[in-house]
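Architecture and fold: a report
Next come the chains, spelled out residue by residue.
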Amino acid sequence: MSRLSKNCLVTARLCAAFISMLPILHGQASTPKAGEEPGAEPPKRMSLGLRVRELPADGFGVMGKSQYQTTTVAAKTAYDWQYNTTDRSPQVGVGMALEYILGPRATLTGEVMFHRLRYDQVTDTYWGTDDATTSTDERSRITRTEHTKARVWDLPVMLHYGGFRRKGPVSRLYLGAGAAYRIVTNIRTENDISYSNGDSAVNYYQAQPSHRQTVGAVAGIGFRFVDEYNIKLTPEVRYTRWLRPLFSLDSTQSPKNQIEVGLGLTF
């Protein structure tokens, strides 16, 4: 028998042996692991989705409502300053969510949340002499109204732990904790100025934040629902303590404490 014939015979035998082992290999590959149902697909570890949050509590969002008064003296003239800041930021923010299943009870999540920041600050400056016998304030006055808009980005990373019970509502409950990073971008400001003699002016000097970025610690509690298509719904309440405020000047104060109600949907 030639060498070519021997090689063909060996190849044919190897192919026949491999084909005869296919049913065995297929049976081993489809054997479920412990805790899995026969024929069930392995769980998906990484999921991507959306998250919506609301900052419902006044003074626990991206900007607070505050008033502040002070008096300064320059060239023997007393100036009274009155500051009043009103938060006009939308309560709802949106973002992307990424989660990775570490184990049966632990999930690591990372998010990029976007929120619009809007506020108005009215600054009244008075100087001169007021006649106490009249109801009109005769002092000279300048009113400066600042309209500021910006974008706030939050990047929380949290570890969620659940599965405290096998059945019942508590089986859906989880606790979460982690850290968050915040940055403010695209600050735009319009300043409207009016004088006591009726004159007015407008400028666009940008409001300057005390800190453009900050970090904080975040904790949360929520529920996790997973359907047969591996779609995960996670309503959650979170509390974040920021290390320092983004804005901190006169009556314009970014709260260090934040409370939010969120809903996540990942696939």
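Up top you'll find the structure we're talking about.
Computed from a prediction, not measured in an experiment: that's the story for all the values here. (Residues numbered from 1 in each chain as written. Predicted model: local features only at pLDDT ≥ 70, side-chain atom pairs only at ≥ 80, totals over all residues. Heavy atoms only, no water.)

**A look at unusual backbone geometry**
Note the following rule: Secondary structure elements follow DSSP: runs of H or I of four or more residues count as helices, runs of E of two or more count as strands, with numbering from the N terminus.
Even without being glycine, Lys76 reaches a positive phi, approximately 65°. We note that Asn230 has phi near 65°; this positive angle belongs to a residue other than glycine. Along the chain, the position of Asn230 falls in the loop between strand E10 (225–226) and strand E11 (232–242).

**Details of a positive patch on the surface**
What counts here: Within this analysis, patches are made of residues with over 30% relative accessible area and no salt bridge. Like charges are joined at 9 Å or less; nonpolar side chains (Val, Leu, Ile, Met, Phe, Trp, Tyr) at 5 Å or less. To be clear on the numbers: accessible area is Shrake-Rupley with a 1.4 Å probe, and residue cover counts the displayed protein chains and nothing else. Basic side-chain nitrogens of Lys or Arg form a salt bridge, by our definition, when they fall within 4 Å of a carboxyl oxygen of Asp or Glu. Positive: Lys, Arg. Negative: Asp, Glu. His and the chain ends are not part of the count. Lysine's charge is taken at NZ, arginine's at CZ, aspartate's at CG and glutamate's at CD.
On the surface, a cluster of positive charge is made up of Arg116, Arg118, Lys149, Arg151 and Arg188. Contributing elements (two or more residues each) for the positive patch: strand E5 (106–127) and strand E6 (140–162). One can find Arg116 in strand E5.

**What to know about the pairing of strand E3 (residues 77–87)**
Worth spelling out the cut-off: Only strands that DSSP links by at least two bridges are regarded as paired with each other.
Where strand E2 (residues 66–74) and E3 come together, nine bridges link them in antiparallel fashion. Counterpart to Thr72 in the pairing with E3 is Tyr79. The loop that links E2 with its antiparallel partner E3 comprises two residues; one of these, Ala75, has a positive phi angle of about 55°. As defined by bridge partners, E3 adjoins E5 across nine bridges and the pair is classed as antiparallel. Across the sheet, the residue bridging to Tyr79 is Trp127, located in E5.

**A look at the pattern of salt bridges**
Definition in use: For every residue, the accessible area obtained with a 1.4 Å probe (protein chains only) is divided by the maximum for its type, and the residue is called buried under 20%, exposed over 50%, and partly exposed between those limits.
For the coordinates displayed, the defined rule picks out 13 salt bridges. As a salt-bridge pair, Arg224 and Glu99 come within 2.9 Å of each other at their nearest N and O atoms. You can see Arg224 sitting in the loop between strand E9 (213–223) and E10 and its partner Glu99 sitting in strand E4 (residues 92–101), a full 125 residues away along the chain. Measuring nitrogen to oxygen at the nearest pair gives 2.9 Å for the salt bridge that ties Asp137 to Arg139. Take Asp137: its relative accessible area is 33%, and that puts it in the partly exposed class. One network of salt bridges, with partners in common, ties together Arg51, Glu111, Glu236 and Arg238.

**Observations regarding the packing of aromatic side chains**
What counts, and what does not: In this analysis, rings of Phe, Tyr and Trp, with Trp reduced to its six-membered ring, are considered paired at centre separations within 6.5 Å, and the interplanar angle assigns stacked below 30 degrees, edge-to-face beyond 60, and tilted for intermediate values.
If you walk through the whole model with that rule in mind, you get seven aromatic pairs. Through a chain of ring-to-ring contacts, three or more aromatic side chains come together here, namely Tyr68, Trp81 and Tyr83.

**Quick word on the environment of Asp192**
For clarity, the threshold we go by: We call two residues contacting when some pair of their heavy atoms lies within 4.5 Å.
In this fold, Asp192 is placed in strand E7 (residues 173–195). In contact with Asp192, other than residues within four places in its own chain, are Thr143, Arg144, Thr145, His147, Ala201 and Val202.

**Description of empty space enclosed by the protein**
Quick note on the threshold: Put simply, the grid is 1 Å and covers the protein atoms alone, a cavity is a trapped set of points that fit a 1.4 Å probe, a pocket is an open set with protein on both sides within 12 Å along at least five of seven lines, and lining residues have an atom within 4 Å of a point. Grid points are joined across faces, edges and corners, and a volume is the space filled by probe spheres set on the points. Polarity classes work like this: nonpolar for Ala, Val, Leu, Ile, Met, Phe, Trp, Tyr, Cys and Pro, charged for Asp, Glu, Lys and Arg, and polar for all others, with Gly in that last group.
Taken as a whole and judged by the stated rule, the model has two cavities of 30 Å³ or more. Roughly 70 Å³ of volume is contained in the largest cavity. Considering the residues around the largest cavity, the lining is formed by Arg53, Glu111, Met113, Asp154, Pro156, Ala180, Val218, Arg238, Thr240, Trp242, Gln258 and Glu260. Among the secondary structure elements, those contributing two or more residues to the lining of the largest cavity are E5, E6, E11 and strand E14 (257–266). Taken together, the residues that form the lining of the largest cavity break down as five nonpolar, two polar and five charged. Quantified by volume, the second largest cavity comes out at close to 30 Å³. Along its surface, the second largest cavity is lined by Arg182, Thr214, Trp242, Arg244, Pro245, Leu246, Ser254 and Pro255. Its residues placed into classes, the lining of the second largest cavity shows four nonpolar, two polar and two charged.

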